[in-house]
Protein chains: 2
Amino acid sequence: MTKPVFDRGPGLAPEQMSTYFALTEAVGLLQHHVEQQLRTDGDLSTVQFQILASLAAAGGRLTMTELADGVVYSRSGLTYQAGLLEKAGLITRGPSPDDERSILVTITDAGLARVRQVLPGHVEVAERLLFDPLSESDVARLGEIMTRVRDHMRAQPPRSAAPRKRRSAASEAAKGD
Amino acid sequence: MTKPVFDRGPGLAPEQMSTYFALTEAVGLLQHHVEQQLRTDGDLSTVQFQILASLAAAGGRLTMTELADGVVYSRSGLTYQAGLLEKAGLITRGPSPDDERSILVTITDAGLARVRQVLPGHVEVAERLLFDPLSESDVARLGEIMTRVRDHMRAQPPRSAAPRKRRSAASEAAKGD
DNA sequence: GGGAGGTGCTTCGAATTCGAAGCAAACATC
DNA sequence: GATGTTTGCTTCGAATTCGAAGCACCTCCC
């Protein structure tokens, strides 16, 4: 993953190439360690933590769709994980007053407690693996850059606007995304 | 995932917090799009692409362990994917002359062709989602930072040095990792 | 050179993942 | 206010994932 055969043709500049790979691998490693920590400290998967964290950040309750948009994840996977979290007593699910179709997910006290329980370790891992080798200025710049990138990506069609198959199979011909 | 309840206590500075979340989400989104592109353009999963790319980058052949170190992935998952790739004719597996236990994985011409086939689209996605909103200076800095972070993480005990259970259950007491 | 322990890889079962299909409520258009 | 379409969520089956356990080879050390 260092000196690709690929920098031929009109592709990414070498600088972009190595940036891309470094980014990918570093984040992959980080995620892996985080996964371990969350499992060890609080018996949570990363997704479960993200769900709980999103809820906490949002003030306690969100619909499934809002949750799906905050987490890079499939709808069905979310349903599955929400089921586990509910069974574990960390969230509750109830009908929405506004929209009969929606499900309102609410974090419980136990859920909040669990978040607080794993947070120190979580922070410690991020501190040790990610921020340790970075200066304040690095962090600032990195944050600024990634925020820009994230917002840019969010502007692209979001995952939850996924292609619900066209009405008829007839209009298939004009398919070109 | 924006204004956590969590910046309380001696944790990460707010700046670190938002940097961390932006990084995580942006890369998640990127991975998701890449996944789609690879599947569409060349019927490959990200892992499969990484395997092929690692092989190509390494000059054509690697052992399973070397491969595992280059990819953030479990050993058994690698075996599984290697099986699929072999069945698809994109790699071959053979014994190592040096070490009878090792398996030498070699990329085939078809494998190389497949990499070249998906590469333009891959590059296009990275270009559009990641690099589009970044200046040259951003890319340089980002690359420099992430390389530093990656190397720092690599220095931590690598994934493949995974804990082969202790010799006896007796020395369990002193477990604290 | 023989045994103990370490290493490289695969197999196994259980858990998680995804997309497609299904169901019901909401919305639009007439 | 009916009918067709869209939207929110779940269920389903198939594919992928992981860690633990297993097998075979290698290495160290007496």
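Here, every reference points to the structure presented above.
To start, this report covers the structure provided alongside it. Owing to the predicted nature of the structure, the values given are computational and were not obtained by experimental measurement. (Residues numbered from 1 in each chain as written. Chains lettered and ligands numbered in written order. Predicted model: local features only at pLDDT ≥ 70, side-chain atom pairs only at ≥ 80, totals over all residues. Heavy atoms only, no water.)

Some thoughts on the protein's contact with DNA strand D
Close to DNA strand D lie 23 residues, the nearest being A:Thr65, B:Tyr73, B:Ser74, B:Tyr80 and B:Gln81. Close to the protein, within 4 Å, the atoms of DNA strand D belong to sugar or phosphate groups at a rate of 67%. Contact distances for DNA strand D include 3.0 Å between a base oxygen and a side-chain N or O atom of B:Ser76. For the surface near DNA strand D, the secondary structure elements donating two or more residues are helix 3 (64-70) and helix 4 (75-87) of chain A together with helix 4 (75-87) of chain B. For the surface near DNA strand D, the element with the highest residue contribution is helix 4 of chain B, accounting for 4 residues. Of the residues that constitute the surface near DNA strand D, the class distribution is 6 nonpolar, 9 polar and 8 charged. (Near = heavy atom within 4 Å. Polar contact = N/O pair within 3.5 Å; in protein donor to acceptor, adjacent residues only side chain to side chain. Helix = DSSP H or I, 4+ residues; strand = E, 2+ residues; numbered from the N terminus. Nonpolar A, V, L, I, M, F, W, Y, C, P; charged D, E, K, R; others polar.)

Here we look at the side chain of B:Thr46
Tracing the backbone through its elements, the reader meets B:Thr46 in helix 2 (residues 46-57). If we ignore the near neighbours within four places in the chain, the residues touching B:Thr46 are B:Val34, B:Glu35 and B:Leu38. (Contact = heavy atoms within 4.5 Å.)

Points about the protein's contact with DNA strand C
What surrounds DNA strand C is a group of 23 residues, the closest being A:Tyr73, A:Ser74, A:Tyr80, A:Gln81 and B:Thr65. Here, DNA strand C places atoms within 4 Å of the protein, and 64% of those atoms are sugar or phosphate. A:Ser74 places a polar side-chain atom, nitrogen or oxygen, 2.7 Å from a phosphate oxygen of DNA strand C. Separating a phosphate oxygen of DNA strand C from a side-chain N or O atom of A:Tyr80 is a distance of 2.7 Å. Within the residue set of the surface near DNA strand C, elements represented by two or more residues are helix 4 of chain A together with helix 3 (64-70) and helix 4 of chain B. Residues belonging to the surface near DNA strand C are distributed by class as follows: 6 nonpolar, 9 polar and 8 charged.

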